[in-house]
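# Structure at a glance
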Amino acid sequence: MLRIIWRLFFIILCGYLFIEWFPITYPVHFSDILVGPIIYPLEFFAASLALLFGLVVIVQLFQEIFKFIMKDVKKKRSKL
């Protein structure tokens, strides 16, 4: 259970860092999205890594939850 809580905390942290580091101005223009990575390459690279790590942890968490649910379903079916 503690492992799941740490993963959720890490996912929230990665999402926050992605939002902070991705250079978007308001109102959003298509040219800003294309030129932003060229002007701010470090922030774009850091935001991309945060997004990638967050997605990897989310996939692992979904797999773990799916395995737990399948194990619980099999346990209930064997009792019947």
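All figures in this text were calculated on a predicted structure; none of them were measured in a lab.

Moving on: the pattern of salt bridges. The final tally for this structure, using the stated rule, is one salt bridge. With a closest N to O distance of 2.7 Å, arginine 7 and glutamate 64 form a salt bridge. Linking arginine 7 in helix α1 (residues 2-21) with glutamate 64 in helix α3 (residues 41-79), this pair joins segments that are 57 residues apart in sequence.

Attention now moves to the packing of α1 against α3. Two measures define how a pair of helices packs: the angle their axes make with one another and the distance between the axes. Where α1 contacts α3, the two axes come as close as 8 Å, and the packing angle between them is 155°. One way to sum up the angle between α1 and α3 is to call them roughly antiparallel. Of the two possible hands of crossing, α1 and α3 adopt the one that is left-handed. A class-by-class count of the residues in the contact of α1 with α3 yields 17 nonpolar, two polar and four charged.

Bringing the packing of aromatic side chains into the picture now. All told, the structure shown has three aromatic pairs when counted by the stated rule. Pairing tryptophan 6 with phenylalanine 9 gives two aromatic rings, centres 6.0 Å apart and planes at 85°, and the pair type is edge-to-face. Of this pair, tryptophan 6 and phenylalanine 9 are both found in helix α1, three residues apart, which corresponds to roughly one turn of the helix. The exposure class of tryptophan 6 is exposed, given its relative accessible area of 55%. The structure contains a cluster of three or more aromatic residues connected by ring pairs, namely Phe18, Phe22 and Phe44.

This next bit is on the environment of alanine 47. Along the chain, the position of alanine 47 falls in helix α3. Relative accessible area serves as the criterion here: at 0%, alanine 47 is assigned to the buried category. Note: C-alpha distance between alanine 47 and glycine 15 (32 residues apart in sequence) is 9.1 Å. The residues touching alanine 47, leaving out its near neighbours within four places in the chain, are Phe18, Trp21 and Phe22.

Analysis parameters
Residues numbered from 1 in each chain as written. Predicted model: local features only at pLDDT ≥ 70, side-chain atom pairs only at ≥ 80, totals over all residues. Heavy atoms only, no water. Salt bridge = Lys/Arg side-chain N within 4 Å of Asp/Glu carboxyl O. Helix = DSSP H or I, 4+ residues; strand = E, 2+ residues; numbered from the N terminus. Axes fitted to C-alpha atoms, helices over the stretch in contact; angles between N-to-C directions. Parallel < 35°, antiparallel > 145°, perpendicular 65-115°, else oblique. Left-handed = near helix turned anticlockwise from the far one by under 90°. Nonpolar A, V, L, I, M, F, W, Y, C, P; charged D, E, K, R; others polar. Phe/Tyr/Trp six-rings, centres within 6.5 Å; stacked < 30°, edge-to-face > 60°. Buried < 20%, exposed > 50% of the residue type's maximum accessible area, 1.4 Å probe, protein only. Contact = heavy atoms within 4.5 Å.

These figures capture arrangement, not role.
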